[in-house]
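# Survey of secondary and tertiary structure
Here are the chains, one letter per residue:
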Amino acid sequence: MKKTEIVGYHRANLGRQASQELRGQGLVPCVLYGGAEQVSFHVPMYLFRALLFTPDIYEVNINIEGKEYTAILQDSQFHPTNDEIIHADFLEITPDKVIKVEVPIKLHGPSEGQKKGGKLVQKLQKLHIQGPAKFIPDYINIDIKDLDLGKSVKVSAIDPIEGVKILDSANNPVAMIAIPRALRGA
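Residues numbered from 1 in each chain as written. Predicted model: local features only at pLDDT ≥ 70, side-chain atom pairs only at ≥ 80, totals over all residues. Heavy atoms only, no water.

Before going further, it helps to examine the overall build of the protein. The number of helices and strands found in the protein is four helices and 13 strands. For the protein, whose C-alpha radius of gyration is 21 Å, the value lies well above the compact-globule estimate of 16 Å for 186 residues. Taken over 186 residues, the protein has a buried fraction of 37%. Carbon and sulfur atoms make up 48% of the accessible area of the protein, which totals about 10900 Å². For the protein, the distance from the average position of its 22 positive side-chain charges to the average position of its 22 negative side-chain charges is 9 Å. (Helix = DSSP H or I, 4+ residues; strand = E, 2+ residues; numbered from the N terminus. Rg over C-alpha atoms; globule rule 2.2 N^0.38 Å. Buried < 20%, exposed > 50% of the residue type's maximum accessible area, 1.4 Å probe, protein only. Areas by Shrake-Rupley, 256 points an atom, 1.4 Å probe, with all protein chains shown as cover. Lys, Arg positive; Asp, Glu negative; His and termini not counted. Charge placed at Lys NZ, Arg CZ, Asp CG, Glu CD.)

Here we take up the sheet that holds strand β5 (residues 67-78). Strand order around the closed barrel formed by six strands is β1-β3-β2-β6-β5-β4, with mixed pairing between neighbours. In this sheet, neighbouring strand axes are inclined to one another by 45 degrees on average, regardless of whether the strands run parallel or antiparallel. Where strand β2 (residues 27-33) meets strand β6 (residues 85-92), four bridges bridge the pair, whose relative direction is parallel. Looking at β6, one finds that Val-31 is bridged to Asp-89. Along the sheet face, helix α1 (residues 16-24) touches β2, β3 (39-44) and β6 and points at about 125 degrees away from the line of β2. (Pairing = 2+ DSSP bridges. Axes fitted to C-alpha atoms, helices over the stretch in contact; angles between N-to-C directions. Contact = heavy atoms within 4.5 Å.)

Summarising the sheet, strand β4 (residues 58-64) and β5 pair through six bridges and their orientation is antiparallel. Opposite Asn-61, over in β5, you have Thr-70 as the bridge partner. Hairpin remark: β4 followed by β5, antiparallel, with two residues in the connecting loop; positive phi at Glu-65, about 50 degrees. By the bridge criterion, seven bridges tie β5 to β6 in an arrangement that is antiparallel. Counterpart to Phe-78 in the pairing with β6 is Ile-85. Linking β5 to β6, which pair antiparallel, is a turn of six residues; within it Asp-83 sits at a positive phi near 60 degrees.

If you look at the biggest cluster of nonpolar residues, it comprises 25 residues, and the most contacted ones within it are Ile-99, Val-101, Leu-127, Ile-129, Ile-136, Ile-142 and Val-174. The set of elements that each furnish at least two residues to this core consists of β7 (98-108), β9 (126-132), β10 (140-143) and β13 (173-178). The next biggest cluster of nonpolar side chains, apart from the first, holds 19 residues, and it includes Ile-6, Leu-32, Ile-62 and Phe-90. (Core = buried A, V, L, I, M, F, W, Y, C linked by side-chain atoms within 4.5 Å.)

Turning our eyes to something else, we now look at the sheet that holds β9. With respect to topology, four strands assemble into an open sheet ordered β10-β7-β9-β12, the strand pairing being mixed. What marks the edges here is a single partner per strand, and that holds for β10 and β12 (165-166). As paired strands, β7 and β9 are joined by seven bridges and run antiparallel to one another. Its bridge partner lying in β9, Ile-99 is registered against Gly-131.

Turning next to unusual backbone geometry. The backbone of Glu-65 shows a phi angle near 50 degrees, a positive value even though the residue is not glycine. One can find Glu-65 in the loop between β4 and β5. Positive phi outside glycine occurs at Asp-83, with the angle close to 60 degrees. Classification of Asp-83 by relative accessible area gives exposed; the value is 56%.

Another aspect to go through is the pairing of strand β1 (residues 2-10). Pairing geometry for β1 and β4, over seven bridges, is parallel. Bridging from a neighbouring strand, Lys-2 pairs with Tyr-58 of β4. Sheet analysis places β1 next to β3, joined by two bridges and oriented antiparallel. Residue pairing in the sheet places Tyr-9 in a bridge with His-42 of β3.

In structure tokens:
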């Protein structure tokens, strides 16, 4: 997993009104759970840009007034009309703690079907996996060079990853080569 750092401050007041006041000041109310204690804190909104607008998974080092925690972003909520982040949940992790995450899929090609005029359709962008944090990869590589027209690659074709269990169904297609209308009659 990639790493990033966030600096936050303890929240003195909890509740809806206090959260709205924080948001008005450009701060995001956050919760860190999964450890010995639940910690409520707030973070400046601009620190989330690199964490949210990427398909990658980040191990986040959270520094709350000098005390450091290691976590992953578990959930985030956005305002329905202006797309600002309004809340974030972090799950505290240790290297041996089993977690569930979505890992991005990278396809390596081009495939034989694409060379013949077919169109690559990626059905799954991310793969749900479960395992200790130390075994979670940055992304999953899938080789599609042998994929021909009308064929697909399924989750079952993904090589097993040490210490990690794939939670998606083995029959789910990851990518396929669609046959264009011009080639269907031929």
